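Chain and residue survey
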Amino acid sequence: MIEPVYSPSPARYDSMEYRRSGRSGINIPVLALGLWHNFGSYKPMQEIKAMAHYAFDKGICHFDLANNYGPEYGTAEENFGRLMDASFRPYRDEMFISSKAGWDMWPGPYGNWGSRKYLMASLDQSLKRMKLDYVDIFYSHRWDPATPIEETMQALVDIVRQGKALYVGLSRYPTEQARKAFRYLAEHDTPCLLYQDRYNIIDRAPQSTGLIDLSQECGSGFIAFSPLQQGLLTGRYLNGIPADSRMARNTSLKADVLTPAMLGALKGLNEVAGRRGQTLARMSLAWLLQDPRVTSVIIGASSVAQLEDNLRALANTSFTPDELSRIEELSSPVQLHEVK
Ligand SMILES: NC(=O)c1ccc[n+]([C@@H]2O[C@H](COP(=O)([O-])OP(=O)(O)OC[C@H]3O[C@@H](n4cnc5c(N)ncnc54)[C@H](OP(=O)(O)O)[C@@H]3O)[C@@H](O)[C@H]2O)c1
């Protein structure tokens, strides 16, 4: 059967909010789509297409990737390359696409961490897989304690000079290293566009490390990943562990987080969400978006129905002081304050 040519919704920009990323010329949608888990080799291409098209049709024009997203490593980028060919090529200039390098990608001494050799080679591979000439933003995916920070940062600067990325970003840097990195990049006319960190109702590390404030102070946007704590902050686990869930796959989300205290907190939060007329997923996203220091939130979804639910968070992103204090009260016993 010949598939119809993808034609995006003409109303795609009508209901999305766009926020300026730090002190830059770039506005990004408050919800971005992350391809960490649900876009790799095990997911049928039809489902991948349905989710990506649905997102773009709703104004989610920022797609967040990395060299190792899959599983298998690299397959999310390969599938994204298929989407570029099949649907998105005519809309490339409407899209903001990221990739990253910093975690283990290929064997040997040059396929991990933060050397110039790894970053340069990895981005070349990512561009080939995604069938792109350039990415909009390229991240150093984590701080490398063994490589001088100047080497990692200069590689980012040179990647921009080569035209392979338009902007650069940082993810998972300790506060003092992030401060140095922000300074180096700014002094080399390649200011950090986005700092990417895990942040949600339960994981408060960006508050305790000060990174959310430091990003703002240094003129960088802040983009939160795992806003639903990988699905914990949704209705998904309130009545057991569904067979098709991330927790059941036992990879990055383990069942031991579901302690009685956690379950109690989730049930309480779910009731607060219900009183606001929201699902827990929607309230968790709205909670992030009520913070003006948050530029955007990267959602991972395994179905169009989840995306649809998550987009409805935008209908109510304001909270009463009572709601906020109840959320604090319920979540404080299970909050994380350190980088994990
Ligand atoms: N920089 C970094 O180091 C880093 C690290 C991690 C992630 N990230 C980025 O952040 C993105 C998002 O991370 P994440 O996937 O952990 O995000 P998340 O939004 O916290 O979790 C996504 C998972 O939550 C569940 N879910 C989503 N919406 C739902 C809904 N409405 N109702 C019920 N369940 C729902 C789904 O689980 P099921 O699969 O069980 O359905 C989905 O796979 C990644 O794709 C990646 O781009 C970056």
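Attention here is on the structure that accompanies the text. Quick caveat: nothing in here was measured; it's all calculated off a predicted structure.

1. Quick word on unusual backbone geometry
Looking along the chain, the bond that leaves Gly 70 and enters Pro 71 is cis, with omega of -15°. With respect to the secondary-structure elements, Pro 71 resides in the loop between strand 4 (62-64) and helix 2 (75-88). Residue Glu 72 is reached from Pro 71 by a cis peptide bond, and omega for that bond is -15°. As for its placement among the helices and strands, Glu 72 is situated in the loop between strand 4 and helix 2. Although it is not a glycine, Arg 172 adopts a positive phi angle of roughly 55°. By the secondary structure assignment, Arg 172 is in the loop between strand 7 (165-171) and helix 5 (175-187). By the C-beta count within 10 Å, which is 22 here, Arg 172 ends up buried. Positive phi, normally seen in glycine, also occurs at Gln 229, with a value near 50°. Relative to the helices and strands, Gln 229 is located in the loop between strand 9 (221-225) and helix 8 (246-249).

2. A short note on the sheet that holds strand 7
In space, the 8 strands of this closed barrel follow the order 3-4-5-6-7-8-9-10, with parallel pairing throughout. Here the strands of the sheet are splayed against their neighbours by 30° on average, with no regard to which way each runs. Taken together, the 2 bridges between strand 3 (residues 31-34) and strand 4 define a ladder with parallel strand orientation. Paired with Gly 34 across the strands is Asp 64, a residue of strand 4.

3. Some details on the packing of helix 9 (residues 260-275) against helix 12 (residues 321-331)
Running from N to C, helix 9 and helix 12 point in directions that differ by 170°, and their axes come no closer than 9 Å. Taken together, the axes of helix 9 and helix 12 lie roughly antiparallel to each other. Crossing handedness for the pair helix 9 and helix 12: left-handed. Of the residues in helix 12, those in contact with Ala 265, Gly 268, Leu 269 and Val 272 of helix 9 are Glu 323, Arg 326, Ile 327, Leu 330 and Ser 331. Within the contact of helix 9 with helix 12, the residues separate by chemical class into 5 nonpolar, 2 polar and 2 charged.

4. A few points about the site of the ligand
Looking at the ligand, there are 31 residues lining it, with Gly 34, Trp 36, Phe 225, Gly 231 and Gly 300 nearest. When contributions to the shell around the ligand are tallied by element, the ones reaching two or more residues are strand 10 (296-299) and helix 11 (304-311). It is helix 11 that contributes the most residues to the shell around the ligand, 3 residues altogether. When its residues are assigned to classes, the shell around the ligand shows 9 nonpolar, 17 polar and 5 charged.

5. Digging into the environment of Ala 301
Here Ala 301 shows up in the loop between strand 10 and helix 11. Taking the C-beta count within 10 Å as the criterion, Ala 301 has 22 such neighbours and is therefore assigned buried. With 35 residues separating them in the primary sequence, Ala 301 and Leu 336 have C-alpha atoms 23 Å apart. When sequence neighbours within four positions are dropped, the list of residues in contact with Ala 301 reads Asn 38, Met 51, Gln 306, Leu 307 and Asn 310.

6. Some words on helix 4 (residues 149-161)
Taking 1.5 Å of rise per residue, 13 residues should cover 18 Å, and helix 4 covers 18 Å from first to last C-alpha, within 8% of that figure. Among the residues of helix 4, those classed as buried are Thr 152, Met 153, Ala 155, Leu 156 and Ile 159. Seen end-on, helix 4 carries its buried residues on one side only, within an arc spanning 150°. Along helix 4, the residues that are exposed and aim more than 90 degrees away from the buried face are Glu 150 and Arg 161. Lining the buried residues of helix 4 we find helix 3 (116-130), strand 6 (135-140), strand 7 and helix 5.

7. Let's talk about helix 11
The complete set of buried residues in helix 11 reads Leu 307, Asn 310 and Leu 311. The arc enclosing the buried residues of helix 11, seen along the axis, measures out at 95°, which places them on a common side. Exposed positions of helix 11 whose direction lies more than 90 degrees from the buried face are Ala 305 and Glu 308. On its buried face, helix 11 sits against strand 3, helix 1 (45-57), helix 10 (280-289) and strand 10.

8. Observations regarding the nonpolar core
Of all hydrophobic cores here, the largest spans 92 residues; its most connected members are Leu 35, Ile 137, Phe 138, Val 168 and Val 297. Residues contacting Leu 35, with those up to four places away along its chain left out, are Phe 63, Asp 64, Leu 65, Tyr 69, Ala 76 and Phe 80.

9. So, the packing of helix 3 against helix 4
Where helix 3 meets helix 4, the closest approach of the two axes is 8 Å, and the angle between their N-to-C directions is 30°. Relative to helix 4, the element helix 3 lies roughly parallel. You can see that helix 3 and helix 4 cross each other, and the crossing is right-handed. Facing Arg 116, Leu 119, Met 120 and Leu 123 of helix 3, the residues of helix 4 in contact are Glu 151, Thr 152, Ala 155 and Ile 159. Classifying every residue of the contact of helix 3 with helix 4 by side-chain character gives 5 nonpolar, 1 polar and 2 charged.

Reading the values: the criteria
One numbering rule holds for all chains: residues counted from 1, following each sequence as written. The predicted origin of the model limits local features to residues at a pLDDT of at least 70 and limits the giving and counting of side-chain atom pairs to 80 or more, whereas totals for whole chains, interfaces and linings rest on all residues. A helix here means a DSSP run of H or I that spans at least four residues, while a strand means a run of E at least two residues long, and both kinds are numbered starting from the N terminus. Backbone-placed C-beta atoms define the burial measure: a residue is buried with 20 or more other C-beta atoms within 10 Å of its own, exposed with 12 or fewer, and partly exposed in between. For two strands to be treated as a pair, DSSP must find at least two bridges joining them. Between N-to-C directions, angles cover 0 to 180 degrees, with each direction set by a line fitted to C-alpha atoms, over the stretch in contact for helices. Angles are sorted into four bins: roughly parallel if under 35 degrees, roughly antiparallel if over 145, roughly perpendicular if 65 to 115, and oblique for all others. Note on convention: the crossing is left-handed when the near helix lies turned anticlockwise from the far helix by less than a right angle, right-handed when the turn is clockwise. For every residue pair, C-beta atoms are placed from the backbone, and the pair is scored as a contact if these atoms sit within 7 Å. In this classification, the charged set is Asp, Glu, Lys and Arg, the nonpolar set is Ala, Val, Leu, Ile, Met, Phe, Trp, Tyr, Cys and Pro, and all remaining amino acids, among them Gly, are polar. For each residue, a C-beta atom is placed from the backbone, and the residue counts as near a molecule or strand when that atom lies within 6 Å of it. Multiplying 1.5 Å by the residue count of a helix minus one yields the expected span of that helix. The arc in question is the one traced by the directions running from the helix axis out to the C-beta atoms. In this description, a nonpolar core means buried residues of the types Ala, Val, Leu, Ile, Met, Phe, Trp, Tyr and Cys, linked to one another by C-beta atoms lying within 7 Å.

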